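As a plain string of letters, each chain reads:
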Amino acid sequence: MNAQQSKTAGSTHQPDHLYKGRRASLPLNIVVIGCGLGGLAAAYCLAQAGHNITILEAASAIGEVGAGVQASPNVSRLLMRWGLGPRLEELGVKIQALSFKRWDNDEVVGWTPLGDVIDKEYGSPFYLLHRADFHRMLYEAAEPYCNIRVNSRVVSVDPSKPSATLASGEVVSADLIIGADGVKSVTREYIVGGPDKPKATGDAAYRTLIPVEKLLEDEELRPLVEKMESNIWMGPGGHIVGYTIRAKTEFNLVMMHPDEDEGGIESWTAEGNVDKMKETYKGWSTTIQKLMALVPSTLDWKLIARDPLSSWIHKDGKLALLGDSCHPMLPYRAQGSAMAIEDAAILGNIFSHCSHRSQILPLLHAYQSLRYDRATATQNSSKLNRHIFHQPDGPEQEERDRDMRAAMEDALRVARGEKSTRVLTSNANQWADKTKSDIQFGYDADEEAEKWWLENGTKLMNLIPSIELKQRIVHAANRDH
């Protein structure tokens, strides 16, 4: 089968609000492997760019597991541009602040305002969502323009043709394959030249959801709902994050802890032991003990790290990676889904200029050059938070807390209408670091892609006549012989 059998990008359903209405003059048949957040976003953006898209998904039904996910301004501005603003407003919670707390007594040692402050600063809001809601939102956006095939597990790829072979034996051919198949990527092996080499972090994460009404029944827990803040309790060897999602109907709880299961598998859906979870956080604050008492069941997610790849593109230029398949993020910075969405936006924008097959590889290299450094820096920033949050009580922890308090005091002064008295860089609270926030949240993937084309597009277009001439010469020589 050829991927051209997908729904065409010229469908009457196709809106023209992206890329200034620009469509690729050469529509490609593109296969996206994986129907997660990144795969759906890539499919949507590439379809908007004028291409014919087929998504191959191994699962028998479309759905998403998980719990809370954050849509920071660098993501929400893209989603709103895609027409998803009303859905964000309906399904999300607009986070008002980050609150960093001591593990044993709930003392607030750090605080960063978000809400209207971050909306005004970066022109886009900061939302908290349930991952399944986020996935459904992207599915609804992409589905009208793509052929989404379930029960289509890819077992091998031929990067040179390119084509993907399914477990059924069917071979699906395309002009370009995008591997968006997550941390256990099949496609990654063809680019790195061998099997995955994951590294255990020594951490795992319990994940659970608690009905909000349970918290509202307790005077001590009620503010966790009403303040609409993301709460981060930092403790020896672990930390806990808690916030409301789904229009304040559920409280999302993620609890990082030392991983004692050396033989455990990397899975979002592995069942955890509630009694063991409660024992892990014995001695933490009364607030944490009350939250633990409300947990009926939990999942336990083994956290695995992977080093940055040297390249995301196969040498034959017809296979590229996106999202967790090439730059999987540890959850300490909450930017994993954001990086995948940004990847998709860049890919779609860049490929809206495609007018000749000879451009495929240069455009893929443009995509990688625009994304590689940013994604790698975000990976490293996430690792840094693990060190910051998990410090045992002692001099280093005390210095961390002093640093965070200074940033909090400055933020409170500004909230009162006074002037800031500090230049907040390299703070232990990375969200209080104005330079880092500008880089992370001020980023506009479409703007970066448009800048690249303005600087390089003419050069790329000028290559086409010479390539076509060479092809005609080769063709003529072959014909004469």
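Please refer to the structure higher up on the page.
Being a predicted model, the structure only gives us computed values, none of them experimental. (Residues numbered from 1 in each chain as written. Predicted model: local features only at pLDDT ≥ 70, side-chain atom pairs only at ≥ 80, totals over all residues. Heavy atoms only, no water.)

**Q** Which residues make up the overall build of the protein chain, and what are the values?
**A** Looking only at helices and strands, the protein chain has 15 helices and 18 strands in total. Taking 23 Å as the expected radius of gyration for a compact globule of 481 residues, we find that the protein chain reaches 24 Å, a close match to that expectation. When each of the 481 residues of the protein chain is scored for burial, the buried share is 55%. Intrachain contacts of the protein chain at a sequence separation of at least 6 include 76% that bridge at least 24 residues. Treating the 54 positive side-chain charges of the protein chain as one cloud and the 63 negative ones as another, the clouds have centres 4 Å apart. (Helix = DSSP H or I, 4+ residues; strand = E, 2+ residues; numbered from the N terminus. Rg over C-alpha atoms; globule rule 2.2 N^0.38 Å. Buried < 20%, exposed > 50% of the residue type's maximum accessible area, 1.4 Å probe, protein only. Contact = heavy atoms within 4.5 Å. Lys, Arg positive; Asp, Glu negative; His and termini not counted. Charge placed at Lys NZ, Arg CZ, Asp CG, Glu CD.)

**Q** Which residues make up the layout of surface pockets, and what values do they have?
**A** There is about 570 Å³ of room inside the second largest pocket. Around the second largest pocket sit 24 residues that line it, and P113, V117, E121, V414 and K434 are the ones nearest its centre. Elements that contribute at least two residues to the lining of the second largest pocket include exactly β6 (108-113), α4 (115-122), α13 (395-415) and α14 (434-441). For the lining of the second largest pocket, the leading source of residues is α4, giving six residues. Its residues assigned to classes, the lining of the second largest pocket shows 14 nonpolar, three polar and seven charged. (1 Å grid on protein atoms, 1.4 Å probe; cavity = no way out; pocket = protein on both sides within 12 Å on 5 of 7 lines; lining within 4 Å. Points joined across faces, edges and corners; volume = space filled by probe spheres on them. Nonpolar A, V, L, I, M, F, W, Y, C, P; charged D, E, K, R; others polar.)

**Q** Lay out the pairing of strand β7 (residues 127-130) with the relevant residues and their values.
**A** Both faces of β7 are covered, namely the face carrying Y127 and L129 and the face carrying L128 and H130. Strand direction decides the pairing type here: strand β4 (residues 93-94) and β7, joined by two bridges, are antiparallel. Paired with K94 across the bridge in β7 is Y127. (Pairing = 2+ DSSP bridges.)

**Q** Tell me about helix α2 (residues 73-81), residues and numbers included.
**A** Think of an α-helix as 3.6 residues a turn; residues three or four steps apart then line up on the same face. Counting buried residues in α2 gives seven out of nine residues, a clear majority hidden from the surface. Within α2, burial applies to P73, N74, V75, S76, R77, L78 and L79. The first or second residue beyond α2 is G83, which carries a positive phi of 85°.

**Q** Go over the sheet that holds strand β10 (residues 163-166) with me, naming the residues and quoting the values.
**A** In space, the three strands of this open sheet follow the order β9-β10-β11, with antiparallel pairing throughout. Since the sheet does not close on itself, it has two edges, and those belong to β9 (154-158) and β11 (171-173), each with one partner. Along the sheet, successive strands turn relative to each other by an average axial angle of 25°, direction set aside. As defined by bridge partners, β10 adjoins β11 across three bridges and the pair is classed as antiparallel. Counted as the bridge partner of S163 is S173 from β11. (Axes fitted to C-alpha atoms, helices over the stretch in contact; angles between N-to-C directions.)

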